[in-house]
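Each chain is listed here by its residues.
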Amino acid sequence: MQAFSTFKRRAGRLRSTILLMTDRHGGFWRLLRYSLVRIRELGPASAYRAMIAGLGWNILSSQSVAHHIALGQPLSRRIGINVHVFYIDLWDEIEAYLRNVPFPYTLLISVIHEGDQQYLLGRTKELTSASRVVVKKVENRGRDIAPFLVSFREEILGLDYICHIHTKKSLFTGRDQKEWRRYLFDALLGSQERVHSILCHLEQDGQLGILYPETFHAIPYWGHGWLSNKAIGAALAQRLSISVDTQRYVDYPAGSMFWARTSALSSLFSLDLKFEDFPDEAGQKDGTLQHAIERLFVLQAVASGYQYAVVLDGTEYRTSSSSSRGSDGYFRHWAPFGRAFDTKSRDARLISFDVFDTLLLRPFLTPEGARRYLEARVHRLFDLGNFCSVRREAEIEAVRLNGGSDATLEDIYKLLGGLIKDDQLAAKLCALELQSEEDMLRERPVVAAALRRAIGAGTRVIGVSDMYLPGRAIEKILSGLGVAPLARLYVSSETHWRKDQGTAWKEIARVEGVAPANWLHVGDNEHSDIQLPQEFGLPHPVPVLRPSALLDLVPSLRGLDSTQGALSWLEDLCIGLVANRFALLADTKPEKLSGGCLLDDPVDLGYTVYGPVVFAFLAWMSSRVIEDGIRNLLFLSREGHLLTKAFELFAEYVPELGSVRREYFLASRLGCQIAGIERPADLEKLFGGRFKGDFETLVRARLGEALGGVVLRELSQAVKKARVELPAVKREVCATVSKVYERIQAHARDARGTYLEYWSSFHLQGASAVVDVGFNGTIQKLLMELTNERLHGYYFATTERASEHSSKGVFAKGYYGDALNERDTENVMLRYNLLLESVLTAPSGQFQGFARASGDALSPVYRTDGISQREFHVLDQCHSGILAYIKDVLKVVGADALRGSVKPQFMSEGLRRVATGEWSIGSLRQFLYVEDDYTGMGEINVADYYSLS
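Residues numbered from 1 in each chain as written. Predicted model: local features only at pLDDT ≥ 70, side-chain atom pairs only at ≥ 80, totals over all residues. Heavy atoms only, no water.

On to the overall build of the protein. Summing up its helical and strand segments, the protein has 45 helices and 26 strands in all. A globule of 949 residues ought to have a C-alpha radius of gyration of about 30 Å, and the protein, at 33 Å, matches this closely. Counting only C-alpha atoms and orienting by the principal axes, one finds that the protein spans roughly 110 × 75 × 50 Å. Considering only residue pairs separated by 6 or more positions, the protein has 75% of its internal contacts joining residues 24 or more positions apart. (Helix = DSSP H or I, 4+ residues; strand = E, 2+ residues; numbered from the N terminus. Rg over C-alpha atoms; globule rule 2.2 N^0.38 Å. Contact = heavy atoms within 4.5 Å.)

Following this line, the structure appears as structure tokens:
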């Protein structure tokens with residue numbers, strides 16, 4: 001009760017804010033109910049945080065932000081506001097916002113003109129909260145960033161908190177962007193209550209380093225890329241000892257306005273930048289030091305050990321732990337792809353398509369992943385190590401010899417032959433790389449369909465690619481995939497014109513004789529395919545998100561490719577296939593991703609969530625089977641229904657598995673326990689564990705429908721309806737049932753005979769192992785007792801109890817967790833096992849034993865069909881998705897799937913996100929059931945049990 005009261009009290013502190021958002025966040029009460037269910041397991045603090053995290057809010061302690069400091073109460077921290085005033089006509093607007101600061105602060109103002117300096121020294125006297133005012137005239141370089149880091153370095157480092165704003169107009173866009181400016185001002189200084197909440201948040205959470213507004217809705221998603229700032233950003237990051245991947249999207253305050261803890265940004269000040277480090281003002285839109293620094297504010301705060309928060313749009317103060325990065329704008333304006341393309345292409349005289357990640361997709365998430373896999377193959381086939389580094393060295397030298405222009409694949413391998421001193425091997429490696437590309441590349445269906453429509457409409461369609469592969473090889477791949485032939489393909493290694501350097505746009509326009517305004521481009525790269533074409537005068541290209549970008553851009557998918565250390569090549573492939581599937585959804589059904597992640601199609605759910613889980617388990621198990629010398633695999637019902645089919649796929653690609661016998665084996669705890677009854681004392685095994693319900697339900701659950709009916713006929717109606725709770729009345733239950741022990745014994749004798757007959761029919765030779773989800777190895781133990789045979793076990797996860805089998809000279813190994821404590825709530829498989837079992841089921845109910853059919857043949861007896869069996873057509877589609885995923889992996893790497901490495905936690909991340917409600921399964925909730933007659937719970941809707949969304 002104390003835990004419940006604490007949770008209730010904490011939730012009550014947030015009630016005033018939460019209730020205002022209930023309509024928008026309809027899942028609030030679901031999350032609250034979930035937290036209450038889990039309160040004993042998680043503890044009040046964890047349950048509290050789980051509820052808040054589920055809403056996507058970044059309230060990082062148990063205290064209410066608004067409760068921390070009373071409005072008007074003095075604040076001991078040193079607060080500063082830095083304003084760069086380029087447009088003096090906006091001072092009245094700025095001043096109105098500054099009046100919303102309810103605490104004393106230092107006001108630091110930079111201006112360009114000396115007259116503005118004198119003017120503001122007079123005007124700021126009216127700001128009573130500004131306890132100190134400094135106005136400096138600065139050079140017109142570096143816009144608002146240079147004065148912040150250079151002119152006021154010492155003043156800002158003497159403060160605790162700093163707010164940075166400026167008189168943003170962005171006139172280069174063609175008009176005063178006052179809506180954007182006021183959006184930023186409102187988020188940071190919009191009212192006394194807003195400023196108060198922000199400062200309380202900083203006070204409350206010592207880990208919060210920087211806080212800034214969510215990206216304005218008019219800012220395109222590609223603005224979160226590094227664009228023309230890659231080189232400058234990488235160089236700065238190196239000086240700051242920050243690890244930055246400039247190929248990825250980045251969270252940053254677009255518009256460079258924010259509140260920050262000065263200690264979070266101190267390293268930026270320590271760069272000791274000077275005004276002359278910044279370029280002369282020339283109306284630059286991008287590609288300057290100030291644009292690069294803008295993208296480093298958050299990264300620097302994180303590198304300094306702090307977290308960041310994004311102020312969400314709206315009147316209530318709410319924050320998120322990450323930005324949407326404009327993804328909602330992408331889905332709003334550019335998806336589905338086919339509709340956006342048809343609208344934009346109507347008046348185009350020339351349409352160009354980027355090739356890789358646009359027309360064609362690799363199964364790997366990144367080109368580096370594909371290259372590392374090629375390196376593994378090269379090492380295995382030719383015993384050549386360090387292939388990637390040698391090839392990289394050869395490519396750099398080939399580009400140098402080519403005057404800085406792209407080199408062809410042939411040029412690269414000619415030089416590589418000299419490096420390894422073997423021209424013949426180099427030729428083989430060149431052929432292997434080409435063949436690998438041909439084998440793995442697939443068309444992007446909706447983009448290829450758009451290309452066909454454009455050609456069919458009589459429009460001239462060309463391809464443009466910054467690529468080392470020869471044009472003839474790319475055309476061969478496109479032709480082999482049935483992609484309509486291009487009028488011409490421009491490849492940088494042959495033309496020496498690159499998109500990302502701008503030369504391709506100028507030269508192709510000249511060669512094609514087309515005005516930029518009549519040329520529409522389609523591509524995925526934020527810089528070379530979207531930003532630069534517009535700078536050359538093309539209309540806004542039709543963007544298509546490359547799969548890896550989806551994992552950066554869409555909040556619900558973010559972090560799927562995160563793991564400790566770099567991705568292995570197999571992990572890169574496994575997540576790449578998932579990303580490709582999500583890309584298909586983004587292209588055709590954007591509503592599935594625009595508001596979160598909705599996996600309400602059973603095939604999609606099977607492919608993206610369960611496919612990786614099952615593949616990783618079977619890849620691990622297959623390696624162990626070969627290593628352990630197992631000759632027979634018994635896939636236990638009912639999970640074995642799917643696992644047997646999946647293992648057959650592995651056997652097709654892994655020769656060593658071809659001789660391993662695999663069988664779908666009928667077994668259940670109930671069936672084995674009934675067959676194992678030989679003495680009255682064995683009844684105690686039947687009535688172990690927990691149960692709550694009436695006596696009749698208990699008997700049918702523990703003895704099966706046939707034997708249970710025999711026993712119940714001997715009992716009075718009063719006894720059958722009596723309430724029972726185990727283990728409290730276990731002795732009394734056994735005493736009552738033992739009165740009809742002779743009938744039970746006779747049934748058990750028949751069950752044992754038929755089951756042993758079934759076992760003998762397999763004629764197993766050599767070492768055998770059972771395969772099951774887990775967790776205690778109970779059926780493995782019962783089968784050994786029943787058959788007097790040694791049986792090993794492979795499981796998704798095992799508990800400590802399963803490790804007891806080692807005393808019998810057999811093993812019970814778990815992949816996602818081995819010998820776990822049963823109360824381990826951190827292990828995904830153990831904690832959310834019902835979510836796995838509800839999908840990995842079979843079209844028949846629980847196996848209960850055998851009966852004699854005509855001709856003395858054995859006929860299996862199953863529990864009456866439950867919801868899972870009646871709706872199995874839906875689950876079967878999910879199984880199809882799982883098998884399709886496994887086949888897609890194996891088609892790329894074959895037997896190498898057993899040589900690669902994946903981390904169990906990485907492969908089960910999708911399952912965790914479904915289980916925690918981060919991903920929604922929508923209408924599929926109604927089909928996920930498990931039967932728990934054993935404890936008296938009957939059929940359990942797993943979605944309700946875990947409070948799935």
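Past the structure itself, the notes keep going.
All chains considered together, the criterion is met by 42 aromatic pairs. Judged by centre distance (5.2 Å) and plane angle (45 degrees), the ring pair of Tyr183 and Phe216 falls under tilted. Taken together, the residues Tyr183 in helix α10 (residues 178-189) and Phe216 in the loop between β5 (208-213) and α12 (230-239) connect sequence positions 33 residues apart. The same class applies to Tyr183 and to Phe216, which are both buried. With a centroid separation of 4.7 Å and 50 degrees between ring planes, the pair formed by Phe258 and Phe297 is classed as tilted. Here Phe297 lies in helix α15 (residues 297-303) and Phe258 lies in strand β6 (residues 258-261), a separation of 39 residues in the sequence. Across this residue pair, the class does not change: Phe258 and Phe297 are buried. Clustering of aromatic rings is evident, with ring pairs tying together Phe617, Trp620, Tyr794, Phe796, Phe811, Tyr815 and Tyr816. (Phe/Tyr/Trp six-rings, centres within 6.5 Å; stacked < 30°, edge-to-face > 60°. Buried < 20%, exposed > 50% of the residue type's maximum accessible area, 1.4 Å probe, protein only.)

What follows deals with the environment of Gln869. Here Gln869 is to be found in helix α41 (residues 867-870). Linking Gln869 and Pro336, residues 533 residues apart in sequence, is a C-alpha distance of 36 Å. Dropping the residues within four chain positions of it, Gln869 is found in contact with Arg638, Thr841, Ala842, Pro843, Ser844, Gly845 and Glu931. Here the side chain of Gln869 touches Gly866 through a polar contact of 2.9 Å, landing on its backbone nitrogen. (Polar contact = N/O pair within 3.5 Å; in protein donor to acceptor, adjacent residues only side chain to side chain.)

Here the focus is the side chain of Arg546. Within the element layout of this structure, Arg546 appears in the loop between β15 (542-543) and α27 (547-553). Within the local environment of Arg546, its side chain forms a polar contact with the backbone oxygen of Gln247, the two atoms lying 3.4 Å apart. Reaching out from Arg546, the side chain makes a polar contact with the side chain of Glu526 at a distance of 2.8 Å. Excluding residues within four positions of it along the chain, Arg546 makes contact with Gln247, Asp357, Arg444, Asp524, Asn525 and Glu526.

A few words on the sheet that holds strand β17 (residues 661-665). A sheet is described by the order of its strands in space; here five strands give the open sequence β17-β16-β20-β21-β22, paired in parallel fashion. The sheet is open, and its two borders are formed by β17 and β22 (812-814), each paired with just one other strand. The sheet shows a mean angle of 20 degrees between the axes of neighbouring strands, taken without regard to direction. Inspection of the sheet shows strand β21 (residues 792-795) paired to β22 by three bridges, in the parallel sense. Bridge pairing in β22 places Tyr794 opposite Lys813. Across the face of the sheet, helix α30 (residues 602-628) comes into contact with β16 (632-636), β20 (768-772), β21 and β22 while running at roughly 160 degrees to β21. (Pairing = 2+ DSSP bridges. Axes fitted to C-alpha atoms, helices over the stretch in contact; angles between N-to-C directions.)

By size, the foremost hydrophobic cluster in this structure holds 168 residues, and its most contacted members are Phe582, Phe615, Met621, Leu633 and Leu835. Take this core: its biggest share by element is 14 residues, from α30. Dropping the residues within four chain positions of it, Leu835 is found in contact with Tyr610, Leu911, Val914, Ala915, Leu928, Val942, Tyr946 and Leu948. Residues Leu703, Leu726, Cys734 and Phe762 belong to the second largest nonpolar core, which totals 50 residues. (Core = buried A, V, L, I, M, F, W, Y, C linked by side-chain atoms within 4.5 Å.)

Once that is clear, we can look at the pairing of β5. Taken across its six residues, β5 has six buried, putting it largely inside the fold. When β5 meets β6, the two strands line up antiparallel, connected through two bridges. Within β6, the position partnered with Ile210 by the bridge is Ala260.

Let us now look at the confidence of the model for the protein. When pLDDT is averaged along the protein, the result is 90, and 91% of the positions lie at 70 or above. Counting contacts from residues 1-67, a segment whose pLDDT is below 50, to residues more than four positions away or on other chains yields 91 contacts. (pLDDT = per-residue confidence, 0-100.)

In terms of burial, helix α6 (residues 91-98) is a largely internal element, six of the eight residues being buried. In this fold, the buried residues of α6 make contact with β1 (79-85), β2 (105-111), α7 (114-123), β4 (161-166) and α10.

Among the five residues in strand β7 (residues 307-311), four count as buried, and that is most of the element. As judged from the five bridges shared by β5 and β7, these two strands associate in the parallel manner. Bridging across to β7, Leu211 finds its partner in Ala309. As defined by bridge partners, β7 adjoins strand β8 (residues 319-320) across two bridges and the pair is classed as antiparallel. If you follow Val310 over to β8, its bridge partner there is Ser320.

When you line up the elements, Asp286 lands in the loop between α13 (266-269) and α14 (289-294). Classification of Asp286 as buried rests on a relative accessible area of 15%. In the structure, Asp286 is positioned 620 residues away from Phe906 in sequence and 37 Å away in space, judged by C-alpha atoms. Once residues within four sequence positions are removed from consideration, Asp286 is found in contact with Leu227, Ser228, Asn229, His291, Arg295 and Gln531. Among the polar contacts made by the side chain of Asp286, one reaches the main-chain amide nitrogen of Ser228 at a distance of 3.1 Å.

Let us look at the packing of helix α34 (residues 695-712) against helix α37 (residues 741-760). Close contact between α34 and α37 brings their axes to 10 Å; oriented N to C, the two are set at 160 degrees. Of the possible angle classes, the one that applies to α34 and α37 is roughly antiparallel. In this structure, α34 meets α37 at a crossing whose hand is right-handed. From α34, Ala706, Leu707, Val710 and Val711 reach across to α37, where they touch Arg743, Ile744 and His747. (Parallel < 35°, antiparallel > 145°, perpendicular 65-115°, else oblique. Left-handed = near helix turned anticlockwise from the far one by under 90°.)

Moving on to the pattern of salt bridges. Applying the stated criterion across every chain yields a total of 62 salt bridges. Glu126 serves as the salt-bridge partner of Arg99, at 3.6 Å between the closest nitrogen and oxygen. Residue Arg99 is located in the loop between α6 and β2, and its partner Glu126 is located in the loop between α7 and β3 (130-137); the two are separated by 27 residues in the primary sequence. Residue Arg99 is classed as partly exposed on the basis of its relative accessible area, which comes to 41%. A salt bridge links Glu714 to Arg743, with the shortest nitrogen-to-oxygen separation between them at 3.4 Å. Residue Glu714 is located in the loop between α34 and α35 (717-721), and its partner Arg743 is located in helix α37; the two are separated by 29 residues in the primary sequence. (Salt bridge = Lys/Arg side-chain N within 4 Å of Asp/Glu carboxyl O.)

Another point: the packing of α30 against helix α42 (residues 872-893). In helix packing, the relevant descriptors are the interaxial angle and the interaxial distance, both defined with respect to the helix axes. Following both chains from N to C, one finds α30 and α42 inclined at 55 degrees, their axes separated by 7 Å at the closest point. On the basis of the axis angle, α30 is oblique to α42. At the point where α30 passes α42, the crossing takes the right-handed sense. Residues Pro602, Val603, Leu605, Gly606, Tyr607, Tyr610, Gly611, Pro612, Val614 and Phe615 of α30 pack against Val874, Gln877, Cys878, Gly881, Ile882, Ala884, Tyr885, Ile886, Asp888, Val889 and Leu890 of α42.

This part takes up the sheet that holds strand β13 (residues 488-491). Across the sheet, which stays open at both edges, the five strands sit in the order β13-β12-β9-β14-β15 with parallel pairing between neighbours. Strand pairing shows two members of the sheet lacking a second neighbour, β13 and β15, which therefore form its edges. Bridging between strand β14 (residues 519-523) and β15 involves two bridges; their strand directions are parallel. Looking at β15, one finds that Val522 is bridged to Val542.

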